[in-house]
Structures are given as C-alpha cells and as structure tokens.
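# Architecture and fold: a report
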Amino acid sequence: MSASASQTWGLIAGWGGLPRDLARAARRRGHRVVAVAFRGLTYERLGDEVDAICWLRLGELEALIAGLRQAGAGDAVMAGMVPKTMLFEHPEILRPDARAVALIGGLGERGDDAILKAIAETLEAEGIRVRGQGELVPELLAPEGTLTETQPSAEQLADVRYAWPIAKAIGSLDVGQTLVVRDRAVLAVEAIEGTDAAIRRGGALGRAGACVVKLAKPTQDPRFDLPAVGPQTVAAMAEVKAGVLAVEAGRTLLLERARLLQEADAHGICVLGWKGDAAAPSGSGLLP
C-alpha cells in the first residue's frame, strides 16, 4: 500500500543518521512526521527535522504507544540502530517498563529480529501499522548499476561475486551484514562492532583496493534494519584505501546520496548497486 501525501507517519528513532534522513525525505514528500526518540541514543537535534517529537527512555513501550497515538500516527516506521556496544557501555539508557519486560520475557529467542518483530506485533495489535522504510521513502533505496563515475576493475568485480554468497550465508545466521574481501579472501566479517569498525579492521589486514559488500539478510524483514550506507561508510573505506562498496539494489538505503557518491569519487571508490546475479553491474546510466 502506498502512502498518501497527507499521511502522518510515526518515526521510532534509534541511533545514527538514518532517522534524520528518513524524516527529511518524508517531509519533502509532503508527509507529517512525528518522532518517538530515546534519551542518550537518538540524534539530539532530530526535533528540528520533524513536526513533533516525544522523548522517552529506551524500553518505555507503553509511553511509546501512547506517544504515537497522541500524535495521530496510524502508521509507523522504525529507523536507526540500538547498538549492543552502546548498551554494554551505557546500560543506564535502557529503562524497560513492565510491558517491555513481559514482552521480552515471553520470547523463545532474544535476537534483534525476534525482539523487533515482537515490538512490531505489539504496535499493530494496538492499531499502529509498522511499515517498511522503503514504503515511506523509496527514493532512498539503492538502484541497480554503477552509481559513481569511478568504475570497478575486473578483479574487484570478481571479489564482489566471490563475497556475495558468503555475505548472504553470514546474514542468514544473523551475525552481520558486511563483508570485507580482497583477492577472494575474507578479511573481515561484521559482528557486534558495526560496519565502519569492520571496514577498518579488514582494511588493516589487506592491501589497498579491498571490496566492501553490504547486503540484506535472506530473511530480512523490510519493516526494520534494512542495510544503510552513507558518507561515514565512505570515510571509513577511504581511511584504509578500500576500492569498492557493493550494496544490494532495492534493499539498501543510501544516506545523503549525493554527498556519498561525490565523496566516493573523490577517493576513487566505486559504489555498486547489485542484485547478486551472475552478470556484472554495468554502466553509470543510473546516476541521478
């Protein structure tokens, strides 16, 4: 179902720049955006980017539902991370209420996907539909093709082909979404440290020109945790002289797209949107 121009969207905003970018893009499309944000986690100036904002502690599920209802949001989108490393270092940001404790306590599995799915089901039982990020702002999804003026070498394309099924297999285990490879050897697999740290770790082990592959999990729920890359991804790659960023076309969000591609070209980094078939990504005709 497509969103109407007059729709009010609830934005459940975690850490990072994605909530800000989604809010900006949604408002450009004529939507009213109301955010539920979390103290100590969400971008502090998100209120400048939305029509209304409610600040809570992470885990206050009843207050989250009440905030969305009060703002008139019948649809909501989840955006931004809740990094486990941040929870380990700053446990005080987590304040689960009785409803959140009961929800998590009733789960057989407590991985990210299981918790997010349970929260989404709770919201929908309360009449708040949880929608995919791509439904709200489809223009942020990566198109297919070579998106930069910088083109990949044959060796780099071979590395992308090699890495793609491995990254899918790692994703199916819910380990991470990113793989760093060079000369058909895996240099780093993303785990709890996140994409940028994995890029730096892998780049420290390989020569210049490594390829970074980031893609959705095979069982990815489009309502949350879509892969996202932005200028900071390119900055991490530039630090270690990586050469290619390959993302899954139609299933990866490009944050600050114009700046991302400009900075990638400035550092000689090729950005590819690929679907993982046998054919190589071709041409830069999909440039905006």
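Please refer to the structure placed before this passage.
Let me sum up the structure you'll find in this document. The model shown is predicted, which means the values in this text are computed figures rather than measured ones.

## Side note on the overall build of the protein
- A tally of helices and strands in the protein yields 10 helices and 13 strands.
- In terms of overall dimensions, the protein is globule-like: its C-alpha atoms have a radius of gyration of 19 Å, near the 19 Å expected for 288 residues.
- In terms of overall dimensions, the protein has a C-alpha envelope of 55 × 40 × 30 Å along the principal axes.
- Classification of the 288 residues of the protein by burial places 48% in the buried group.
- As presented, the protein carries roughly 12,700 Å² of accessible surface, and 54% of it is formed by carbon and sulfur atoms.
- A distance of 1 Å separates the average location of the 32 positive side-chain charges in the protein from that of its 36 negative side-chain charges.

## Describing the pattern of salt bridges
- Scanning all chains against the criterion turns up 22 salt bridges.
- Between Glu124 and Arg223 there is a salt bridge whose closest N-O contact spans 3.7 Å. In this pair, Glu124 is assigned in helix H5 (residues 112–125) and Arg223 in the loop between strand E9 (211–214) and strand E10 (228–229), connecting sequence segments 99 residues apart.
- Close ionic contact of Arg223 with Asp221 constitutes a salt bridge, the shortest N to O distance being 2.8 Å.
- With relative accessibility at 16%, the residue Arg223 sits in the buried group.
- Through salt bridges with shared partners, a single network forms among Arg20, Asp21, Glu256, Arg259 and Glu263.

## What to know about the sheet that holds strand E8 (residues 185–189)
- If you trace the 6 strands from one edge of the open sheet to the other, you get E6-E13-E11-E9-E7-E8, paired in mixed fashion. Unpaired on one side and paired on the other, strand E6 (145–146) and E8 mark the two borders of the sheet.
- Two strands pair when backbone bridges link them, and strand E7 (residues 178–182) and E9 are joined in this way by 4 bridges, in the antiparallel orientation. Paired with Thr178 across the strands is Lys214, a residue of E9.

## Observations regarding the sheet that holds strand E5 (residues 129–130)
- In space, the 5 strands of this open sheet follow the order E3-E2-E1-E4-E5, with parallel pairing throughout. Strands at the two margins of the open sheet, each flanked by one partner only, are strand E3 (52–56) and E5.
- In this structure, strand E1 (residues 8–13) lies alongside strand E2 (residues 32–38), joined through 6 bridges in parallel fashion. Counterpart to Gly10 in the pairing with E2 is Val34.

## Notes on the environment of Asp112
- By the element assignment, Asp112 lies in helix H5.
- For Asp112, a relative accessible area of 37% gives the class partly exposed.
- As for Asp112 and Trp55, which are separated by 57 residues in sequence, their C-alpha atoms are 22 Å apart.

## Some thoughts on unusual backbone geometry
- The backbone of Arg184 sits at a positive phi, close to 55°, despite the residue not being glycine.
- Taking relative accessible area as the criterion, Arg184 reaches 39% and is therefore assigned partly exposed.

## Observations regarding the side chain of Thr8
- With respect to the element layout, Thr8 can be found in strand E1.
- Excluding its chain neighbours within four sequence positions, the residues that come into contact with Thr8 are Arg32, Val34, Ala71, Gly72, Ala73, Gly74 and Asp75.

The rules behind each value
- Sequence order sets the numbering: in each chain, residues are counted from 1 along the sequence as written.
- Reporting of local features is limited, given that this is a predicted model, to residues whose pLDDT is at least 70; pairs of side-chain atoms are given and counted only at 80 or more, and all residues count toward the totals for whole chains, interfaces and linings.
- Side-chain metrics rest on all non-hydrogen atoms present in the structure, leaving aside hydrogens and water.
- Segments assigned H or I by DSSP are reported as helices when at least four residues long, segments assigned E as strands when at least two residues long, and all are numbered from the N terminus.
- Between the two quantities, the radius of gyration covers C-alpha atoms and the globule rule is 2.2 Å times the number of residues to the power 0.38.
- Residue burial is assigned from relative accessible area. The probe radius is 1.4 Å, only protein chains are included, and a residue is buried under 20% of its type maximum, exposed over 50%, and partly exposed in between.
- Note on areas: Shrake-Rupley, 1.4 Å probe, and residue coverage restricted to the protein chains presented here.
- Under the counting rule used here, the positive set is Lys and Arg, the negative set is Asp and Glu, and His together with the chain ends is not counted.
- Throughout, a charge is located at the NZ atom of Lys, the CZ atom of Arg, the CG atom of Asp or the CD atom of Glu.
- Take a side-chain nitrogen of Lys or Arg and a carboxyl oxygen of Asp or Glu: if they are within 4 Å of each other, that pair is a salt bridge.
- One bridge is not enough; two strands pair if DSSP finds at least two bridges between them.
- Residue contacts follow a heavy-atom distance rule, with two residues in contact if any of their heavy atoms lie within 4.5 Å.

It is worth stressing that arrangement in space is one thing and function is another; only the former is reported here.
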